[in-house]
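# Overview (structure and organization)
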Amino acid sequence: QVQLVESGGGKVQAGGSLRLSCAASGRNFYTYTMAWFRQSPGKEREFVAASEWGGGSTYYPTYAESVKRRFTISRDNAKNAVYLQMNSLRPDDTAVYYCAADWRGTAIDYETWGKGTQVTVSS
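In this report, the structure presented in the accompanying data block is examined.

### Quick word on the pairing of strand E6 (residues 59–63)
Pairing between strand E5 (residues 46–53) and E6: 5 bridges, direction antiparallel. By the bridge assignment, alanine 50 is partnered in E6 with threonine 62. Counting the residues that bridge the hairpin from E5 to E6 gives 5 residues, and of these glycine 55 lies at a positive phi of roughly 100°.

### Remarks on the sheet that holds strand E3 (residues 18–24)
Picture the strands of a sheet paired through backbone hydrogen bonds; they go either parallel or antiparallel. An order of E1-E3-E8-E7 is seen for the 4 strands of this open sheet, with the pairing classed as antiparallel. The sheet is open, and its two edges are formed by strand E1 (4–7) and strand E7 (71–76), each paired on a single side. Each strand axis lies, on average, 15° off the axis of its neighbour in the sheet, ignoring direction.

### Focus: the nonpolar core
Buried together is how nonpolar side chains tend to be arranged in soluble globular proteins. Core analysis: the biggest nonpolar cluster contains 27 residues, and Met34, Trp36, Leu84, Met86 and Tyr97 have the highest contact counts within it. Elements supplying a minimum of two residues to this core: E3, strand E4 (33–39), E5, E7, strand E8 (81–86), strand E9 (95–102) and strand E11 (117–122). Residues within four places of methionine 34 in sequence aside, it is in contact with Leu4, Cys22, Phe29, Ala49, Ala50, Ser51, Ile73, Arg75, Val82, Cys99, Ala100 and Ala101.

### Topic: unusual backbone geometry
Backbone geometry places arginine 69, a non-glycine residue, at a positive phi of 75°. Turning to its location among the elements, arginine 69 is positioned in the loop between E6 and E7.

### Focus on the pattern of salt bridges
The tally for this structure, following the rule as stated, stands at 5 salt bridges. Here aspartate 93 makes a salt bridge to arginine 38, at a shortest N to O gap of 2.9 Å. Taken together, the positions of aspartate 93 in the loop between E8 and E9 and arginine 38 in strand E4 put the pair 55 residues apart, joining distant regions of the chain. Of the charged contacts, one joins aspartate 93 and arginine 70 as a salt bridge, the two residues approaching to 2.8 Å between their closest N and O atoms.

### Describing the packing of aromatic side chains
One pass over the full model with this rule turns up 6 aromatic pairs. With a centroid separation of 5.6 Å and an interplanar angle of 75°, the aromatic rings of phenylalanine 37 and phenylalanine 47 are classed as edge-to-face. Here phenylalanine 37 is found in strand E4, whereas its partner phenylalanine 47 is found in strand E5, with 10 residues between them in sequence. Taking relative accessible area as the criterion, phenylalanine 37 reaches 12% and is therefore assigned buried. A relative accessible area of 28% places phenylalanine 47 in the partly exposed class. Seen from their ring centres, tyrosine 110 and tryptophan 113 are 6.1 Å apart, and the 70° between their planes marks the pair as edge-to-face.

### Some thoughts on the state of the cysteines
Tallied over the entire structure, the rule returns 1 disulfide. The disulfide that involves cysteine 22 links it to cysteine 99, with 2.0 Å between the sulfurs. With the S-S dihedral at roughly -80°, the linkage between cysteine 22 and cysteine 99 falls on the left-handed side. Of this pair, cysteine 22 sits in strand E3 while cysteine 99 sits in strand E9; the two residues are 77 residues apart in sequence, bridging distant segments of the chain.

Criteria and cut-off values
Residues numbered from 1 in each chain as written. Predicted model: local features only at pLDDT ≥ 70, side-chain atom pairs only at ≥ 80, totals over all residues. Heavy atoms only, no water. Pairing = 2+ DSSP bridges. Helix = DSSP H or I, 4+ residues; strand = E, 2+ residues; numbered from the N terminus. Axes fitted to C-alpha atoms, helices over the stretch in contact; angles between N-to-C directions. Core = buried A, V, L, I, M, F, W, Y, C linked by side-chain atoms within 4.5 Å. Buried < 20%, exposed > 50% of the residue type's maximum accessible area, 1.4 Å probe, protein only. Contact = heavy atoms within 4.5 Å. Salt bridge = Lys/Arg side-chain N within 4 Å of Asp/Glu carboxyl O. Phe/Tyr/Trp six-rings, centres within 6.5 Å; stacked < 30°, edge-to-face > 60°. Disulfide = S-S within 2.5 Å.

Listed below in structure tokens is the structure:
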């Protein structure tokens, strides 16, 4: 029953920044593992970042090596939202970015996916 809606994509020059947002429905958002994936034409969908609840107010972020030190995942549980701050963007960051949620707590897959938002980085 969880639904996800991404926003914030757009066109930006290399070196610029964008902030993606993902609004989620559903209960107990604070327990969801939330993640961002991306896919560019001709390439396999790849993991970008995730935020995993570690109990209490603890969350563990993880990042793909290619975006470490440039991207930051964060969340606002009061708003049922997760964000991806993207800095120092590169042309190879161009992709459709998808928000995903493991809301069943399977820890093995993401049960719900958004429709994606396009990010285009020009050189």
